[in-house]
Every structure is written in structure tokens, then in C-alpha cells.
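For reference, the chains in residue letters:
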Amino acid sequence: MVLEYEVEEREIVRRGSEGDTKEAFDFSSKVTFYKKNAKETQSLLSQVSSSQITPSQDCKEIVESQCKYSLESDSDSENASISPGKYDISSYSFQLDPGQSKKQNIKRTYFACQKNPEQLKTSNLNEHITSILEVLEKNSHSQGEKWRAFAYGKAIRVLKNAKFKVNSVEDAKKLHGIGLKIQEKIQEILETGQLRRVQLESSDERTVTFNLFSQVFGAGPATVTKWYSQGFRTLEDLKQKAKLTYQQEIGLAYYEELQQKIPREEVTQIGKIVSDTAIAIVPGLKVVVCGSYRRGRQECGDVDILMTHKKTNCLTDLLPRIIQELEKVHFLTDHLTKIENTDKYMGVCQRAPGMPHRRIDIKLFPRHEWACALLYFTGSGHFNRSIRLWARKLSMSLSEHALVRRYSETEKGEPVPVKSEQEIFQVLGLKYQAPEQRDI
DNA sequence: TGGCTGTACTG
DNA sequence: CAGTACA
DNA sequence: GCCA
């Protein structure tokens, strides 16, 4: 049923429960890219499949020779299905052997980039715990303990996705990602309704200040630590005494505004402004609002806009022209990246005078990278990390540019010519997830 | 005990 | 290069 | 902080 991965569990490990094995092996994977010296792949595959790839097939070559898909071909990539003659990835897939199921449970646990579609979004039954863990996550994060924060984040997701309310440490133990320390914390929460450590930290000047400062755009743990040690405690201190980078100045200037969520409707309007402006300059441009908006959220943290051009691979200086125009009409108010020589823009915009300022990212990708770019820019962040990790385990590497074979840590092959999000899932042997399902 | 995603921009 | 950011 |  569900394929999940260790980092991104959505659910308790229901070992031996019904249905688990059978459907899990409905998993056809792109192991065309199998290579003997790719150690991890080898072990993964030996766990996963007893069927061998025909040794003489250098799959990479085969796939490449059959996959000359044209950049000019104007099938709408978003919903394109694989056209068999041209691009028959499926003929290189292999079926997993159900008999191997038991062994694989090791890695085969649950996988967030491949959650069960029938597992519809339910309300968070463990709000009483997650709300407290979220404080710990935030505190860890602003102090630069990123892996601790990562672990809290994982525990929080797993609790939110649990189908039952955690009423005991025993319940919590069943969830993958909850270890001893978090169990102790859950126990205390269940007994007292709170966590002393959180109470202490919420009145601790250092913690409070770190959290305050780390929400300034451009200020991370290192900067925040420096500011704190210099004796700064308020945003006023920073404005008056701290040495700020340009990004931090902007971040401070719009500190409150940028914390606000953006109603979906406003994101739609912002998207239209950008789209209309851009297409007026460059006819034929394709513009899609991604991020949490594309995942269907009613409120978004920022606006993510992805562009590509149907006709050409050469997009040089296109983005600067668009940015300049958006600036001219007073839509963009501040830049967080330099506007020349970039195809990844970050800035601040305002839909109309008097409206709050909003963070906006605009990225331009060549057509052949569209699928990977769309997948990346739609997220979520956790989803991306999960699917990228899965790709890594298959000795592949997924980025916003391409999906490639990984021959070693540093050596990578030519991109697998995926032209839709569906194909990326297919190549990775994962069931397609609509954007809404990636909101994890 | 080491890995926990992969990339681009800033200064 | 370290730091920060993006999903 | 969790897991293999």
C-alpha cells in the first residue's frame, strides 16, 4: 500500500498488517539505472528485487537514444503522458518480487513522497503534543541546531498524520521518528499538559531574542548569535546599531508584514499581474504559480512563480527584463537578489498601494527542465527532501534542473529526459502524487 | 557513529 | 568560503 | 534528536 521512506514517515509502522505487502510491490522502478559499483543501489535492489536487469543493457544509453524529445514539441508537459514510441521508459522497469517483502521492511518503511492516496487528510489528533513540539523545533532552529530541529519536525509530522490520538508513551513508541527523548517529553506533556523546558525557554531572554532575530530575512543562526553577543535585544537595536546586510535591512523594514499569511485570492491576483506583465514582454511565456499555492493552500507564506518559454532554451536576460518592468509599474518594491545575471529572483512586491508587502520568488527555467523545476518549486520542502533522498537511494540525483544517474558522490550522468512530473514519479518507481498530496 | 537534499545567491 | 535561502 |  504505502511506500514510505525513513525520513518522512506519515504513519505508524503497521508491521504485518493487511494489504501492506501486496500493494507495496506494485512498485515498478527505474532500475535501468542500476550499476554494480553503486553500492547503495545494489543493496537496495537486492532487497527489493530478485529479478536482474539484463546485464548487457546499458540502460542509460538505451533510454537516451529513445528519448530525443523535442523542446519544440508543444504537448502540454503538465499532463503529458508518455508517448510510447518516443519515450518508453516503462519497458525498462522491473517488477518487484513480493517474496522479498519481509526483508525489505528495513528501508521500506513508510515514505512521505509516496503516501497513500486513500489516506485522506484528517485533522490533527495530536495537537496537544505537536503544538508544544513545534516550539521546541522553532527554538532549536533559531539556535542553529538544525538536525535536532529536523528530528522534531519529523516527530511532529508523524504525530499530525497519525490516525489515532496519542494517549500514552506506548502509543508514541509505535511512531517512526519518535525516540527516547521525545517519548519522555510526550510523557511529561500527557501527565502535566505542558513541558517545563518550554515554559522555561519561553521566558528565557536568549531564546526569545533568538526567535525574534531569526525571523529577519537574511539572518540565520550565525548572525543571530553574533547580534545577541553584541548585546542587541530588540529590533530597534538592530536598526540603530547592528551592521546589516542589504537583505537584512529589507527584512527588518518589512518585519511584521512579511510574517503575515497571504490569502489565496491575493496570490492569484499577484500571479496574474506577473503573468500579464511577463507575457506582454515575452509572448509565449508559460507562467505557473507554484509553492503552497499550487498545493492548494488557502493561505500562503509567499508567492512562487515559475516560468519557461515554449520555443527556446536560451532565456538569457529574459528575467531581468521582466523584473525591470514589474519594478517600473511599482509592483516590485525591493530586490533581495541582484537582478542582472540571474534566473532565480527573490524580492518583495505589493499588489496595490496600501496592501501589505509580500515575499515573491520568480524563477525561469529552460523548457527541458520544466518537469523538475515544477516538482521542486511546488514542494513542499519536506516532500522535496523525501523524494530526493529516495532518488539518492536509487543511485540517482534529483534537483530542480534534472534527474540524473549518480555514479559516485561526485560523478553524475546525463539527465533522464523527463518531461512531466508524472514521469519523474514513474522513473523513481513512485506513485504519482498530485500537488495537494505533497503538502506534507 | 554518521547521515539526515540539492542548489544558488551574497559578501 | 561560510552563511542564508528556496522548495 | 532519530535511526540503521
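Look above for the structure.
This section reports on the structure supplied with the text.

Rules of the game
Residues numbered from 1 in each chain as written. Chains lettered and ligands numbered in written order. Predicted model: local features only at pLDDT ≥ 70, side-chain atom pairs only at ≥ 80, totals over all residues. Heavy atoms only, no water. Near = heavy atom within 4 Å. Polar contact = N/O pair within 3.5 Å; in protein donor to acceptor, adjacent residues only side chain to side chain. Helix = DSSP H or I, 4+ residues; strand = E, 2+ residues; numbered from the N terminus. Pairing = 2+ DSSP bridges. Axes fitted to C-alpha atoms, helices over the stretch in contact; angles between N-to-C directions. Contact = heavy atoms within 4.5 Å. Parallel < 35°, antiparallel > 145°, perpendicular 65-115°, else oblique. Left-handed = near helix turned anticlockwise from the far one by under 90°. Nonpolar A, V, L, I, M, F, W, Y, C, P; charged D, E, K, R; others polar. Core = buried A, V, L, I, M, F, W, Y, C linked by side-chain atoms within 4.5 Å. Buried < 20%, exposed > 50% of the residue type's maximum accessible area, 1.4 Å probe, protein only. Phe/Tyr/Trp six-rings, centres within 6.5 Å; stacked < 30°, edge-to-face > 60°. Lys NZ or Arg CZ within 6 Å of the ring centre and 35° of its normal.

1. Description of the protein's contact with DNA strand C
Part 1 of the reasoning: The environment of DNA strand C is made up of 21 residues, and the closest members are Gly218, Gly220, Thr223, Asp302 and Tyr376.
Part 2 of the reasoning: Sugar and phosphate atoms represent 86% of those atoms of DNA strand C found within 4 Å of the protein.
Part 3 of the reasoning: Asp302 places a side-chain nitrogen or oxygen 2.7 Å from a phosphate oxygen of DNA strand C.
Part 4 of the reasoning: Between DNA strand C and the protein, one listed contact pairs a sugar or linking oxygen with a backbone N or O atom of Gly379 at 3.3 Å.
Part 5 of the reasoning: Elements supplying a minimum of two residues to the surface near DNA strand C: helix H11 (221-229), strand S9 (357-364), helix H18 (370-378) and helix H19 (381-393).

2. Let's talk about the sheet that holds strand S11 (residues 403-406)
Part 1 of the reasoning: Ordered by their spatial adjacency, 3 strands build an open sheet running S10-S11-S12, and the pairing between neighbours is antiparallel. Both outer strands of the open sheet, strand S10 (396-398) and strand S12 (412-415), are each paired with one neighbouring strand and no more. The sheet shows a mean angle of 30° between the axes of neighbouring strands, taken without regard to direction.
Part 2 of the reasoning: Sheet analysis places S11 next to S12, joined by 2 bridges and oriented antiparallel. Residue pairing for S12: Arg406 is matched across the bridge by Lys412.
Part 3 of the reasoning: Along the sheet face, H19 touches S10 and S11 and points at about 160° away from the line of S10.

3. Quick notes on the packing of helix H6 (residues 146-161) against helix H8 (residues 180-192)
Part 1 of the reasoning: It is at 11 Å that the axes of H6 and H8 come closest, and there the two elements cross at 55°. Regarding the angle of H6 to H8, the classification is oblique. Taken as a pair, H6 and H8 cross one another with a handedness that is right-handed. Contacts from Ala151, Tyr152, Ala155 and Leu159 in H6 reach Ile182, Lys185 and Ile186 in H8.
Part 2 of the reasoning: Taken together, the residues that form the contact of H6 with H8 break down as 6 nonpolar, no polar and 1 charged.

4. Looking at the nonpolar core
Part 1 of the reasoning: Residues Val274, Leu285, Ile305, Met307, Ile360 and Ile362 are the most contacted members of the largest nonpolar core, which totals 27 residues.
Part 2 of the reasoning: Broken down by element, this core gets its largest block of residues, 5 residues, from helix H17 (residues 318-328).

5. Overview of the packing of aromatic side chains
Part 1 of the reasoning: According to the stated counting rule, one finds 6 aromatic pairs in the structure shown.
Part 2 of the reasoning: Look at Trp147 and Phe150: their rings are 5.4 Å apart centre to centre, the planes differ by 75°, and that puts the pair in the edge-to-face class. Linking Trp147 with Phe150, this pair stays in helix H6, spanning 3 residues, or about one helical turn.
Part 3 of the reasoning: Overall, the relative accessible area of 56% leaves Trp147 in the exposed class.
Part 4 of the reasoning: Each residue in the set Phe383, Phe425 and Tyr432 is aromatic and connected to the rest through ring pairs, giving one cluster.
Part 5 of the reasoning: Directly above the aromatic system of Phe164 lies the positively charged group of Lys174, at a separation of 5.8 Å from the ring centroid.
Part 6 of the reasoning: In this arrangement the basic side chain of Arg233 is found over the ring face of Tyr228, its NZ or CZ atom lying 3.6 Å from the centre.

Read these as geometric descriptors, not functional statements.
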